[in-house]
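# A closer look at the structure
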Amino acid sequence: MRRMQNAVVLALITAGVASLLALSPVARLMEEEFGLAWLFKLRGPVAAPDDVVVVALDRPSARRLGLPPQVRLWPRSLRARMVDDLARRGATAIAIDLTLETPTDLIQDGALSRSIAAARSVVLVEAMEREDLSVTDARGNPAGRMAILKAVPPIEQFAKAAVALAPFPLPKVAARTNEFWSFKEDAGDRLTLPAAALQVHASSVHALWLSRLREADVPGLETLPPDNNLLAEPGAIQRASQAVRRAYLQDPLLETRLPPLPAQLGDRERRLLAAIDRVHKGPRHHHINFYGPPATITTIPFADLIEDRDVPDLKGRAVFIGVAERTPSNLDTFYTVFTRDGVDISGVEIAATAFANMLDDTSLKIPGRPVELGLLVCFGIVMGLLAYLLPPALAIAATVLLSAGWLAAAVTLFGQSQLWLPVAVPLMVQLPIALFGGLFWQYLTTNRERRNVSQAIRYYLPEKVAANLAHSPINPGASRDLLYGTCVATDAERFTTLAEAMAPRDLAVLLDSYFAAMFDPIQRNGGTVTDVVGDGIMSVWTEPQPSREPRLRATLAALDVTKAVERFNLTSPGRPMPTRIGLHAGWIMVGNVGAKGHLAWSVVGDIPNTASRIEGLNKHLGTRMLASDAVVGDLDEVLTRRVGRFRLAGKADILDIHELMARRTDASAAQLRLAGQFVEALEVSEAGDLLKAADLFRQVLSEFPDDGPSRFHLDRCLRHSAGTAPIEDAAIVRLEMK
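Residues numbered from 1 in each chain as written. Predicted model: local features only at pLDDT ≥ 70, side-chain atom pairs only at ≥ 80, totals over all residues. Heavy atoms only, no water.

### Overview of the overall build of the protein chain
The helix and strand inventory of the protein chain stands at 24 helices and 22 strands. Within the span of the protein chain, comprising 738 residues, buried residues form 52% of the whole. For the protein chain, the share of sequence-separated contacts (at least 6 apart) that also reach a separation of at least 24 residues comes to 74%. On the protein chain, roughly 33,800 Å² of surface is accessible, and the fraction owed to carbon and sulfur atoms is 57%. (Helix = DSSP H or I, 4+ residues; strand = E, 2+ residues; numbered from the N terminus. Buried < 20%, exposed > 50% of the residue type's maximum accessible area, 1.4 Å probe, protein only. Contact = heavy atoms within 4.5 Å. Areas by Shrake-Rupley, 256 points an atom, 1.4 Å probe, with all protein chains shown as cover.)

What follows is the structure, given as structure tokens:
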């Protein structure tokens, strides 16, 4: 009964914490920053719709056509040719994501305006400027300032020639672009560029669309062309959309009063009508469903269009035109979940993506708040019950499998239905809470058993002192020597799991065999075991003065210990004890420690403590053997790689840490290659170029996917470059936990 009560409490805590997060902005930020990136990464790129094409104004086109690299300096007569060609090829909508608020040559401007007018399908973007206005009270006294967004239209001849003008601002969450607007409220609730392009693309059904709205007595349509031809009059598209948008907002039942569609209406027309209806009655704000990295949407270089080289069929397709450089230097780009190697997605491709999302209703959909809370509560309750009621190994397996199943379901729904379910909160918050709480009781029991076993081991494994530590008979009460020593600390992984799964007597027998395997290489290389605590060993190599020899012997012993543990684990396949090792060198006090008849020969000082901290660093880096530069800095006999500069938990000094890889004579080509590639990436990271360092670490991981230090530094680079964690010095890793 007590056990079930505790399980229910844990389940409610797991569910309650997630619920509180879901009611705050924190959960949404976590899903935006982490969950969405995971879902897109696991889903991968998908085919973009054929209805939209991007014409890229890029530097390769400029070089081919002998034009200046700055697009704004290109002759507008070339843009006129482009518009003429797109209209001739049957493009249904031409959206130009280039501001044209400045006149140039009269002849060229005239040619472009005539081409725009002749096409009768061109939508021009309006720049948006923020303007600060002074606000006064009723008496005319200053009362503050107010910022408003002000549209900056193209020059008059272009504005009159285009069928629509539309802004295209993009909202940002943190540094990443995830969203777009179909209507911009603080710009007069006007259609944005992709939504206006969709309206033009659907011009073939304007007459039917407006006639149904007129039959439903939608106000505001009186000023539109009587023949319902919205392309014939500049501004008619925006006026019609604003009127319909207002009608839907004011009358939620408007849709029920619309007459039915004609039975003979074709599939294409039904699709277009459904799309523009969704735009006007749906939300202003949408989450972008990216199809993939830059140029996933069909992209035609400007030069190909001008030279008529390999241009695909454009009949019936919407075309978005803008600067689209696939280089990190492009200014009109946005950081997204598909940013790779510093190359972001261009603004014009985001506009085309938004257009395609609205056309096929594939923008991301977030479940309502009650549904999201219900899902998190159910997940938390099940997770808490499993984590507490099952034995530790089964609890870990069950909660991990449940989390994997949740993630798999979320990815499936994301890919098939564009449904964005929470994944960051369940996996980053609820899973750790449930596991920690569920295993806490078992941990307390196991920890008590571990202390008992450790005490028994100290009786059965007395310490020995190597002959070179004593030059004369030892006075048990006062024998202490200041020596230069190399300390080697070891600790076995999974000992807690073994301790709780085995009887103490059986565990003691197992540890006897384990220690026998460990002590042999230590003693064979001249070391002395000074402490055995639980599953951990402290051994030391000393000399009266700093010397290279004891450091080398300690390092070789660490390599031999690792091989001995591997052999031991082969003899105990069901009870392996993988071992972590840490080495540090410096001045230590060696001698008797204790009182009242219970003395132990041990080492005292900061060096053994730091060696233990270095051993614990293996858990963070996913390594087995780490040593300070004080130990291996000048040892050419051993292949090492520097894994960074660390300030360890509870320590003030900063240490250069190396991983012991192999005797240099035994090193494989792969180990040499890994060491070289990793050091290059680490140097770039320590120089502060985190994005480049992240790319280099990814390259290392592409060849060595299980390399823990590369994974550690990649995660650190990504956290710091994304601004999710502060950084004082890129070259120093500060650890707060052992």
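### Focus: the side chain of Gln199
By secondary structure assignment, the location of Gln199 is in helix 7 (residues 193-201). Classification of Gln199 by relative accessible area gives buried; the value is 1%. With residues near it in sequence (within four places) discarded, Gln199 still touches Leu191, His206, Trp209, Ile237, Ser241, Ile276 and His280.

### As for the packing of aromatic side chains
In this structure the tally under the stated criterion is 13 aromatic pairs. Between the aromatic rings of Phe40 and Phe414, the centroid separation amounts to 5.0 Å while the plane-to-plane angle is 90 degrees, which identifies the pairing as edge-to-face. Of this pair, Phe40 sits in helix 2 (residues 25-43) while Phe414 sits in helix 15 (residues 392-417); the two residues are 374 residues apart in sequence, bridging distant segments of the chain. Note on accessibility: Phe40 and Phe414 belong to one class, buried. Between Phe515 and Phe519, the ring centres sit 5.7 Å apart and the planes meet at 15 degrees, which makes this aromatic pair stacked. In this pair, Phe515 and Phe519 both sit in helix 18 (residues 504-524), four residues apart, roughly one turn of the helix. According to the relative accessible area criterion, Phe515 is buried, its value standing at 1%. (Phe/Tyr/Trp six-rings, centres within 6.5 Å; stacked < 30°, edge-to-face > 60°.)

### Remarks on the pairing of strand 14 (residues 480-492)
Of all 13 residues in strand 14, ten are buried, a share of seventy percent or more. Strand direction decides the pairing type here: strand 14 and strand 16 (residues 536-543), joined by seven bridges, are antiparallel. Counted as the bridge partner of Thr486 is Trp541 from strand 16. (Pairing = 2+ DSSP bridges.)

### Regarding the pattern of salt bridges
One pass over the structure, following the stated rule, counts 36 salt bridges. Arg641 is the partner of Glu659 in a salt bridge, and the nearest nitrogen-oxygen pair spans 2.7 Å. Remark: Arg641 occurs in strand 20 (residues 638-647) and Glu659 occurs in strand 21 (residues 655-663); sequence separation between them is 18 residues. Note on accessibility: Glu659 and Arg641 belong to one class, buried. (Salt bridge = Lys/Arg side-chain N within 4 Å of Asp/Glu carboxyl O.)

### Section: helix 9 (residues 236-250)
For an α-helix the count is 3.6 residues per turn, leaving residues at separations of three or four pointing the same way. The end-to-end C-alpha separation of helix 9 is 21 Å, in line with the 21 Å expected for 15 residues at 1.5 Å each. Within helix 9, eleven of the 15 residues are buried, which leaves the element mostly enclosed by the surrounding structure. Of all the residues in helix 9, the buried ones are Ala236, Ile237, Gln238, Ala240, Ser241, Gln242, Ala243, Val244, Arg245, Ala247 and Tyr248. (Expected span 1.5 Å × (residues − 1).)

### Considering the packing of helix 7 against helix 11 (residues 267-281)
Viewed as axis vectors pointing N to C, helix 7 and helix 11 meet at an angle of 150 degrees, and their least axial separation amounts to 10 Å. The two elements helix 7 and helix 11 meet at a crossing, and its hand is left-handed. Only Arg268, Leu272, Ala275, Ile276, Val279 and His280 of helix 11 make contact with helix 7, whose side of the interface consists of Ala195, Leu198, Gln199 and His201. For the contact of helix 7 with helix 11, the per-class residue count stands at six nonpolar, three polar and one charged. (Axes fitted to C-alpha atoms, helices over the stretch in contact; angles between N-to-C directions. Left-handed = near helix turned anticlockwise from the far one by under 90°. Nonpolar A, V, L, I, M, F, W, Y, C, P; charged D, E, K, R; others polar.)

### Quick look at the confidence of the model for the protein chain
Of all residues in the protein chain, 88% have pLDDT values of 70 or greater, and the mean over the chain is 85. Low confidence marks residues 457-472, where pLDDT is under 50. Its contacts with residues over four positions away, or in another chain, come to 27 contacts. (pLDDT = per-residue confidence, 0-100.)

### Observations concerning helix 11
Across its 15 residues, helix 11 extends 21 Å between first and last C-alpha, which sits within 8% of the 21 Å expected from 1.5 Å per residue. The set of residues buried in helix 11 consists of Leu272, Leu273, Ala275, Ile276, Asp277, Val279 and His280.

### Quick look at the pairing of strand 16
Regular strands show a simple pattern: their side chains alternate between the two faces of the sheet. Within strand 16, seven of the eight residues are buried, leaving the element largely enclosed by the surrounding structure. Pairing of strand 15 (residues 528-533) with strand 16 involves five bridges; the strand directions are antiparallel. When the sheet's bridge partners are listed, Thr528 is paired in strand 16 with Val540.

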